[in-house]
Amino acid sequence: MDIKAYRDIAWNGIWKQNTGVVQILGLCPILAISTSIVNAVSLGLATILVMAMSNLVIAALRNFIPYEIRIPVFILIIAALTTVVDLAFNAYLHELYLVLGIFIPLIVTNCIVLARVEAFAAKNEPIGSTIDGIAMGIGLTLVLAVLGAIRELIGSGTLLSGIEMLFPGAEAIHVFGDDYPGFLIAILPPGAFFALGCLIAGRNWLEARKLARARMNPPAITDTPAEA
Amino acid sequence: MSETTALGLSARTGSVMVAFTVIFTAVMAFTYGATKTQIEASATEEKMKLISEVLPATAYDNVLLDDVITVGPTRELGLDEGGHIYRARKAGQPAALLLEATAPDGYSGRIELIVAIRADGGVSGVRAVAHRETPGLGDYIDPRKDKNKKSPWITQFAELKAADLPRCKLTKDGGQIAYHTGATISARAVTTAVARAAGYAAANHDRLFAAPSGDKL
């Protein structure tokens, strides 16, 4: 594979096949954790790590995994790597672990990890697969970050609350002042659905507009062969 | 390779599965071993940080985490499966009791608390350790979530002296603990649990301090 192929893989993961708003996979953690930017991005980073590792390991081992039992082996590997990440976070990033605690094991159940392993890593070489894992993870993290920002801003009127757990001394931004009453539904699960729906609509609108423009200004080639 | 039989396929895939399981179990076991001491150190540090919020470090001089007794299921503390009580002493004299307590009647399930009761019967401090109260509504019982950063709701308990304990109720219920309108249930659950724990500590004061460390009551 060359650089262009890697760029295509990355673009695919971040925009064209974005897990959050195109494939709509792995909704459970997306909706559960996106109540604030800090939570959302932290889980996104952990997911990137697990996806890159599982894609790399499985692509490297793909010739040793019999087709018939690939799914159990994939799940075994993903679960093992998630446990390793979980332990590492607990030991070396304890403050962050307290925030993400229960969500890290949930990465195992995030079907996007298994989906990328099955659809990509099982058929491609390790470097491309790692890039795919990272790009898909970044795509997911971007969606999580935007969702988190929308929900946090509307729900509690702040941005980056909880940042002091990652960077001691940093402070949350109170966008609407300290006496913002809060808009609870944005923080609760329905708010996640509303915000995600708006994001999906927004992305579809962008794509549709691009398509419509392409149709209005057709490429200069006019001598297309007549069709029967 | 010879032609695939059902038995041959089963044996082959089975052994591959076992091999993968062994390898990745070894990876996990290695990581567990490598991170164990660090994780335990973090957990202890976390506990001490929490304790320092409810009981100032100057109030005792013993190794608090080692001076611990276990209690079985205790209704006064809301513990269905038992819990720990840490005993703070200064110069050998009883200074305070740190009790694990649970408020069983939170808005979304149980609220786990740590309650520090001074030897004179007053409340030294209370913290919510684990809860699932509604974000933005009932979760002000947790000072990390409380919007009032200067004097979070839960610090009211630290002002309670032994004589004030009968008024350890919400103002609505005739006590002196203020609460946020619209989120009474969470506050009431914590307040009731603190009052119960303080009552338990007062009633069992001598017994709890006398028991040898590591004892199970």
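Position numbers for residues start from 1 in each chain and track the written sequence from start to end. Whichever chain is written first is A, and whichever ligand is written first is 1; the rest continue in order. Under the rules for a predicted model, residues below a pLDDT of 70 receive no local features and side-chain atom pairs below 80 are neither given nor counted, while totals for whole chains, interfaces and linings still include all residues.

Student: What's the story with the overall build of chain A in this structure? I'm lost.
Tutor: Within chain A, the regular secondary structure consists of ten helices and two strands. Only runs of H or I of at least four residues qualify as helices and only runs of E of at least two qualify as strands under DSSP, and these elements are numbered from the N terminus. Each helix and strand of chain A, ordered N terminal to C terminal, gives the series α-α-α-α-α-α-α-α-β-β-α-α. If one aligns the C-alpha atoms of chain A with their principal axes, the spans along those axes are about 70 × 50 × 30 Å. Exposure criterion: with C-beta atoms placed from backbone coordinates, a residue whose C-beta has 20 or more other C-beta atoms within 10 Å is buried, one with 12 or fewer is exposed, and one in between is partly exposed. The burial tally for chain A puts 41% of its 228 residues in the buried class. Contact definition: two residues whose C-beta atoms, as placed from backbone geometry, lie within 7 Å. In chain A, the proportion of contacts linking residues at least 24 apart, taken out of those at least 6 apart, comes to 78%.

Student: I'm lost on the domain arrangement of chain B in this one. Help?
Tutor: You'll often see interface size given as the accessible area lost when the parts meet. Along its sequence, chain B is carved into domain 1 (1–46) and domain 2 (55–210). Segmentation into domains, and thus their bounds, comes from an automatic or database assignment. On a C-alpha basis, the centroid separation for the pair domain 1 of chain B and domain 2 of chain B is 43 Å.

Student: I would appreciate a short explanation of the pairing of strand S3 (residues 93–106) of chain B in the present structure.
Tutor: Consecutive side chains along a regular strand alternate between the two faces of the sheet. Residue and element names in this part refer to chain B. For S3, a buried count of ten out of 14 residues is recorded, marking the element as mostly surrounded by other parts of the structure. Remark: two residues form the turn of the hairpin made by strand S2 (residues 83–90) and S3, two consecutive strands paired antiparallel; Ala91 in that turn has positive phi of roughly 50°. DSSP calls a pair of strands paired once it identifies at least 2 bridges connecting them. Bridge count between S3 and strand S4 (residues 109–118): nine bridges; the pairing is antiparallel. By the bridge assignment for S4, Gly106 is matched with Gly109. Connecting S3 to the antiparallel partner S4 that follows it, the hairpin turn spans two residues.

Student: What am I meant to see in the confidence of the model for chain A here?
Tutor: Detailed reading of the predicted coordinates is not advisable wherever pLDDT is low. Per-residue confidence for chain A gives a mean pLDDT of 84, with 92% of residues at or over 70. The predictor's confidence in any single residue is recorded as pLDDT, a number from 0 to 100. Ranking the elements of chain A by mean pLDDT puts helix H5 (residues 94–100) of chain A last with 76 and helix H4 (residues 70–92) of chain A first with 91.

Student: Before we go on, may I ask you to explain the interface of chain B and chain A in this structure?
Tutor: Each partner contributes residues to the interface: chain B has 20 residues there, and chain A has 22 residues. Throughout this entry, Asp, Glu, Lys and Arg are counted as charged residues, while Ala, Val, Leu, Ile, Met, Phe, Trp, Tyr, Cys and Pro are counted as nonpolar. The remaining residues, Gly among them, count as polar. In terms of residue class, the side of chain B that touches chain A is built from eleven nonpolar, seven polar and two charged.

Student: Hey, could you run me through the pairing of S4 of chain B in this one?
Tutor: Residue and element names in this part refer to chain B. Among the ten residues of S4, seven are classified as buried, and the element is accordingly described as predominantly covered. Inspection of the sheet shows S4 paired to strand S5 (residues 123–130) by six bridges, in the antiparallel sense. Of the residues in S5, the one forming a bridge with Ala116 is Gly125. Counting the residues between successive antiparallel strands, the hairpin from S4 to S5 contains four residues, one of them, Gly121, with a positive phi of roughly 100°.

Student: Explanation requested: the sheet that holds strand S1 (residues 68–71) of chain B in the structure shown.
Tutor: Strand pairing in a sheet is mediated by backbone hydrogen bonds. Such pairs are either parallel or antiparallel. Residues and elements named next belong to chain B. Pairing within the open sheet is antiparallel, and its five strands lie in the order S1-S2-S3-S4-S5. Of all strands in the sheet, those bounded by a partner on one side alone are S1 and S5. For this sheet, the mean angle separating the axes of adjacent strands, direction not counted, is 25°. Relative to S2, S1 is paired through four bridges, and the arrangement is antiparallel. Within S2, the residue paired with Thr70 across the bridge is His84. To obtain each axis, a line is fitted to C-alpha atoms, and for helices this fit is confined to the stretch in contact; angles are then taken between N-to-C directions over 0 to 180 degrees. Against the sheet, helix H1 (residues 6–54) makes contact with S3, S4 and S5, and its axis sits at roughly 140° relative to S5, the strand it touches most.

Student: Any chance you could explain helix H7 (residues 111–121) of chain A here in plain terms?
Tutor: Owing to its 3.6 residues per turn, the α-helix aligns residues three or four sequence positions apart on the same side. Among all positions in H7 of chain A, only Ile112, Val113, Arg116, Val117, Phe120 and Ala121 of chain A are buried. Axial view of H7 of chain A: buried residues confined to an arc of 135°, hence all on one face. The directions considered for the arc are those from the helix axis to the C-beta atoms.

Student: Honestly, the environment of Val71 of chain B in this entry has me stumped. Any pointers?
Tutor: Residue and element names in this part refer to chain B. Relative to the elements of secondary structure, Val71 occurs in strand S1. Using a count of 21 C-beta atoms within 10 Å as the deciding quantity, one classes Val71 as buried. Sequence separation between Val71 and Gly82 is eleven residues, and the spatial gap between their C-alpha atoms is 5.2 Å. Setting aside its immediate chain neighbours within four residues, Val71 contacts Leu79, Gly82, Gly83, Ile85 and Leu217.

Student: What exactly am I supposed to notice about the packing of H4 of chain A against H1 of chain B here?
Tutor: Relative orientation and spacing of two packed helices are given, respectively, by the angle between their axes and the distance between those axes. Between H4 of chain A and H1 of chain B, whose axes approach to 8 Å, the crossing angle comes to 10°. For the element pair H4 of chain A / H1 of chain B, the angle class is roughly parallel. Mapping the contact onto sequence places Pro72, Val73, Leu76, Ile77, Ala80, Thr83, Val84, Leu87, Ala88, Asn90, Ala91 and Tyr92 of chain A in H4 of chain A and Met17, Phe20, Thr21, Phe24, Val27, Met28, Thr31, Tyr32, Thr35, Gln38, Ile39 and Ser42 of chain B in H1 of chain B. Within the contact of H4 of chain A with H1 of chain B, the residues separate by chemical class into 17 nonpolar, seven polar and no charged. Here the word oblique covers every angle except those under 35 degrees (roughly parallel), over 145 (roughly antiparallel) and from 65 to 115 (roughly perpendicular).

Student: Which parts of the structure should I look at to understand the nonpolar core?
Tutor: One broad rule of soluble globular proteins: the nonpolar side chains tend to lie buried together. Residues Val50, Ile58, Ile77, Leu81, Leu144 and Leu147 of chain A are the most contacted members of the largest nonpolar core, which totals 57 residues. Looking at this core, the elements that each hand over two or more residues are helix H2 (27–33), helix H3 (37–61), H4, H5, H7, helix H8 (126–156) and helix H10 (189–216) of chain A together with H1 of chain B. Top contributing element to this core by residue count: H3 of chain A, with 15 residues. Excluding residues that lie within four positions of it along the chain, Ile77 of chain A makes contacts with Ser54, Val57 and Ile58 of chain A together with Phe24 of chain B. Within the second largest apolar cluster, 48 residues are counted, among which are Ile85, Ala128, Trp153 and Ala197 of chain B. To count as a nonpolar core, a set of buried Ala, Val, Leu, Ile, Met, Phe, Trp, Tyr and Cys residues must be joined through C-beta atoms within 7 Å.

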